[in-house]
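# Architecture and fold: a report
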Amino acid sequence: MDSDLSPQDKKDLDKFIKFFALKTVQVIVQARLGEKICTRSSSSPTGSDWFNLAIKDIPEVTHEAKKALAGQLPGIGRSMCVEISLKTSELANVCVCLSCRCDKDIKVSYTVYNRLSLLLKSLLAITRVTPAYKLSRKQGHDYVILYRFVVLGFQTVRVGVVGTPVGTVTLSCAYRTNLAFMSNRQFERTAPIMGIIVDHFLDAPYGSQPPANMGQPCNYRPPGEEDGGAFPGVEDSQEVCTTSFSTSPLLSGDDEGLSHSGEGRSDGRRDEGEEEFGAFVNKPSTQITTASLDLPFAAFAPRGLDLEDKDPMVQPPDSPPCPSPLQASLHSQGSEESGQQDDFVMVDFRPAFSKDDLLPMDLGTFYREFQNPPQLASLSLHISSQSMADDLDSLPEKLAVYEKNIDEFDAFVDMLQ
Amino acid sequence: MNCRSEVLELTVEARQVDEAMLALLHTILLHRSTGKFHYKKEGTYSIGTVGTQDIDCDFIDFTFVRVSSDELDRVIRKAVSEFKDALNNSGSDGMGQISLEFYQKKKSRWPFSDECIPWEVWSIKVNVVNLANEQERQICREKVGEKLGEKVINVVEVINRHEYLPKMPTQSEVDNVFDTSLKDVQPYLYKITYQITDSLGTSVSTTMRRLIKDTLAL
């Protein structure tokens, strides 16, 4: 597919896609900040307004998006997804993805750029229409809206279309291209394609602390904000966008208005934050229980260690500072990982006393669901010892109060008799 | 070239007419406006930046995005206000249609006048209802908000089919494709017309044309 593109076109297209992805995430997050957005039109191009649209850049959002992309672009089979959530449930997901359909006749620098601009305008309109927008406008004391970027590996295939007198039946399939271990809980949630993005907000007993990868709050408040000039400039230097165009589609790209101001690509170094992980990728050292083997895609095995070694989604270079909620749900002893498991053997799981050969799954499902229950908060050594110590400390005070009110208690007992 | 025609239908309360029309017209114009062109040497031009603005409706649970151009907003508000007045004064059952037509000008030789060739027409059919109490108004406020959302999605879907758009013009031809009268943005040439439907369902004589560019003959 790329072979028909000239090097300049390929370079332009990569740049357009990169900045399109970055601008898209800005539009979505800014639409969930809870405030009205206002940017000014300018008759003179500045070179920093990509797609001829005034979309300001929140540095934190750009930083998170670049971290999630990790130096790569959204591409075929690799989608960048923006998750907007309300702490306990997902409100929306918007994915930037590239499908396999190619339009070879299209001119990169002209038509693609203008159409991407149109798409961004549509995104601006659509983000105000979804119910999440109203919620985000009311956020504040009671709740906040969170955002997170994840990069997914999935492709969609349109299987077929059948017209009927009353409508059209369309069948499409979305499938993951990067199979990784998933916990039992993920299959409890039956959701549409976006449900393949695992629900990260598990009921893990973290006490008052939310899981580390819950997302960033959509309540960015830059210092000295004023109406119309909402956000400060971008921290990093930005590549200047194309500002000159040719009126003749046959002329080659004009570089007059184009210059680079020194922003290099990411050097591939990854941060230690949670966002570098794919949505449902776990570290390969996690135990794989036999309970998961009957489930779709559960027959995961490290097919080619080479592939996994190189795949940053499966083999992240650094271990995260906090355990992911996914890991916590798998181990009843807490988040400690217990050993590596390089290979496993497919075992036909037949629960004991299961008499019905046709439906062994019922008992089997029960077994699987309850094999790895979450850790109870009260049983956690750290938390329970802390609460016991608190109780002991407060005991003398409580006794003093009760002695003081002893007459009331006696009266109450008399009343009962 | 066939003109692309899209129809959007809406039922609103009288006080919601302005905002509903503004929401849809501005949404369409957001997609059909570019930054100002600045032509350099022959064959190249640069494009200015389009800013956007969130507008909250007072009588509808809805927020829409418009281009940050007070001039353009004034023009659209004037047209919508005239449409609303015509609706109120017609004595009809409150049915009417406002159309936003994008066109190109084709120069003709003397003695013929320039030809206006429409390439996209958006027609918004409005049905105005009267509500009896506040509770009904509150429900209407929410429902119309949802309906407007659906219409915005319809608009977006149509526009992103990437069907016919006029070619980017040379400097000498730019006024045949774009409205260059505004100082901050540059929409495609457009005109807004409206028709009021009487109780029999037939269109009546009150059709008013507002031309953006001077296309008077000879």
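A brief report on the enclosed structure follows. (Residues numbered from 1 in each chain as written. Chains lettered and ligands numbered in written order. Predicted model: local features only at pLDDT ≥ 70, side-chain atom pairs only at ≥ 80, totals over all residues. Heavy atoms only, no water.)

## Thoughts on the packing of helix α1 (residues 7-31) of chain A against helix α2 (residues 59-69) of chain A
Residue and element names in this part refer to chain A. Inclusion rule: Helix axes are fitted to C-alpha atoms over the stretch in contact, other axes to C-alpha atoms as well, and angles between N-to-C directions run from 0 to 180 degrees. Numbering of helices and strands runs from the N terminus, with a helix taken as a DSSP run of H or I at least four residues long and a strand as a DSSP run of E at least two residues long. Orientation is classified from the angle alone, with under 35 degrees giving roughly parallel, over 145 giving roughly antiparallel, 65 to 115 giving roughly perpendicular, and any other angle giving oblique. Note on convention: the crossing is left-handed when the near helix lies turned anticlockwise from the far helix by less than a right angle, right-handed when the turn is clockwise. Between two residues, a contact is recorded if the distance between any of their heavy atoms is within 4.5 Å. When residue character is reported, Ala, Val, Leu, Ile, Met, Phe, Trp, Tyr, Cys and Pro are called nonpolar, Asp, Glu, Lys and Arg charged, and the others, Gly included, polar.
Remark: α1 packs on α2, axes separated minimally by 10 Å, with the N-to-C direction vectors making an angle of 130°. Compared by their axis directions, α1 and α2 come out oblique. α1 and α2 meet at a crossing whose hand is right-handed. Along the contact surface, α1 presents L22, V25, Q26 and V29, while α2 presents V61, T62, A65 and K66. The residue inventory of the contact of α1 with α2, partitioned by class, reads five nonpolar, two polar and one charged.

## Digging into the environment of B:I76
Residues and elements named next belong to chain B. To keep things clear, this is the line we draw: For the exposure calls, accessible area comes from a 1.4 Å probe over protein chains only, and a residue counts as buried if that area is under 20% of its type's maximum, exposed if over 50%, partly exposed in between.
Tracing the chain through its elements places I76 in helix α2 (residues 70-89). The exposure class of I76 is buried, given its relative accessible area of 0%. With 54 residues separating them in the primary sequence, I76 and L22 have C-alpha atoms 7.2 Å apart. Leave out the neighbours within four places in its chain, and I76 touches L22, L25, H26, L29, Y190 and I192.

## So, the side chain of B:N176
With respect to the helices, strands and loops of the structure, B:N176 is situated in the loop between α3 (134-159) and β9 (185-187). Those residues in contact with B:N176, other than ones at most four positions away along the chain, are B:Y103, B:Q104, B:K105, B:K107 and B:L189.

## Quick notes on α3(B)
All names here are of chain B. Just so we agree on the cut-off: The span expected for a helix works out to 1.5 Å for each residue beyond the first. Side-chain atoms alone can form a polar contact between residues adjacent in sequence; in general such a contact is a pair of N or O atoms within 3.5 Å, and within protein one must be able to donate a hydrogen while the other accepts it.
Its 26 residues give α3 an end-to-end C-alpha distance of 37 Å, which sits within 8% of 38 Å, the value for a rise of 1.5 Å per residue. Considered for burial, the residues of α3 that qualify are C140, V144, G145, L148, G149, K151, V152, V155, V156, V158 and I159. You can read the cap of α3 off the contacts: a side-chain oxygen lies 3.1 Å from the backbone nitrogen of Q135, and it is on N133.

## Some words on the interface of chain A and chain B
Threshold: By buried area we mean how much accessible surface two parts lose on assembly, using a 1.4 Å probe and totalling the loss over both. The rule for a salt bridge is simple: a side-chain nitrogen of Lys or Arg has to be within 4 Å of a carboxyl oxygen of Asp or Glu.
With 38 residues of chain A at the interface, the matching set in chain B holds 42 residues. Of the roughly 3400 Å² buried between chain A and chain B, counting both surfaces, carbon and sulfur atoms make up 54%. Here chain A is connected to chain B by three salt bridges. In this structure, A:R128 engages B:D54 in a salt bridge whose closest nitrogen and oxygen atoms are separated by 2.9 Å. Along the contact surface separating chain A from chain B lie 17 residue pairs in polar contact (both at pLDDT 80 or more). Mapped by element, the contributors of at least two residues to the side of chain A that touches chain B are α3 (108-126), α4 (131-137) and β7 (244-246) of chain A. Here the side of chain A that touches chain B takes 10 residues from α3(A), the largest share from any one element. Considered class by class, the residues forming the side of chain A that touches chain B number 14 nonpolar, 13 polar and 11 charged.

## Examining the packing of aromatic side chains
All names here are of chain A. Quick note on the threshold: What counts as a ring pair is set by centres within 6.5 Å for rings of Phe, Tyr and Trp (its six-membered ring), and what kind of pair is set by the plane angle: stacked under 30 degrees, edge-to-face over 60, tilted for all other angles.
Overall, the coordinates contain 17 aromatic pairs over all chains when judged by the stated rule. With 4.3 Å between their ring centres and 10° between their planes, F19 and W50 make a pair best called stacked. Residue F19 is located in helix α1, and its partner W50 is located in the loop between α1 and α2; the two are separated by 31 residues in the primary sequence. Under the relative-accessibility criterion, W50 is labelled buried at 0%. A centroid spacing of 5.0 Å and a plane angle of 25° characterise the contact between F51 and Y113, whose relative ring orientation is stacked. Taken together, the positions of F51 in the loop between α1 and α2 and Y113 in helix α3 put the pair 62 residues apart, joining distant regions of the chain. The class of F51 is buried, set by a relative accessible area of 0%. Residue Y113 is classed as buried on the basis of its relative accessible area of 0%.

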